[in-house]
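So the chains spell out like this:
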Amino acid sequence: GHSSAVKIRNISARGAMIEAQGNIPIGLDATLRLADGWAFSGEVRWRRGSRLGIAFDAPIALDDFVMGRVAPLQANATEPAEAPVCHVQCHHPSQ
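Residues numbered from 1 in each chain as written. Predicted model: local features only at pLDDT ≥ 70, side-chain atom pairs only at ≥ 80, totals over all residues. Heavy atoms only, no water.

This paragraph deals with the overall build of the chain. Across its full length, the chain carries 1 helix and 6 strands. Beginning at the N terminus, the succession of helices and strands in the chain can be written as β-β-β-β-β-α-β. The proportion of buried residues among the 95 residues of the chain is 29%. A fraction of 62% describes how many contacts in the chain between residues 6 or more apart in sequence connect residues 24 or more apart. (Helix = DSSP H or I, 4+ residues; strand = E, 2+ residues; numbered from the N terminus. Buried < 20%, exposed > 50% of the residue type's maximum accessible area, 1.4 Å probe, protein only. Contact = heavy atoms within 4.5 Å.)

And the structure:
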């Protein structure tokens, strides 16, 4: 398997859309690992350019994950918030 830094673009209880450099094929098992210890396992289900969809093996407790991560909206904000960076480790299902 291999590991690379990715950006989380969207996350739900059942999956995530990430942005990754390099060729990560559809069908690989994947584990998203955040710096604070959170880790989510799943499978790469789709790819469009540098964006990939990962379906989680089991639904995550999204409320627990999001609590404290979402910065409050600012009325005068002109730039979107930077996407969280994490690492994804991928391997073939047989490994």
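On we go.
The next thing to look at is the pattern of salt bridges. Tallied over the entire structure, the rule returns 3 salt bridges. The partner of Glu19 in a salt bridge is Arg9, with the nearest N and O atoms 2.7 Å apart. Residue Glu19 is found in strand 2 (residues 15–20), and its partner Arg9 is found in strand 1 (residues 2–11); the two are separated by 10 residues along the sequence. A single network of salt bridges, built from pairs that share partners, joins Arg9, Glu19 and Arg51. (Salt bridge = Lys/Arg side-chain N within 4 Å of Asp/Glu carboxyl O.)

Counting residues in each nonpolar core, the largest one holds 19 residues, and the members touching the most others are Ile18, Ile24, Leu32, Ile54, Phe56 and Val88. Those elements that provide at least two residues to this core are strand 1, strand 2, strand 3 (29–33), strand 4 (39–48), strand 5 (51–56) and strand 6 (85–91). In this structure Ile24 touches His2, Ser4, Val44, Arg47, Leu52, Val88 and Cys90, once residues within four positions along its chain are discounted. (Core = buried A, V, L, I, M, F, W, Y, C linked by side-chain atoms within 4.5 Å.)

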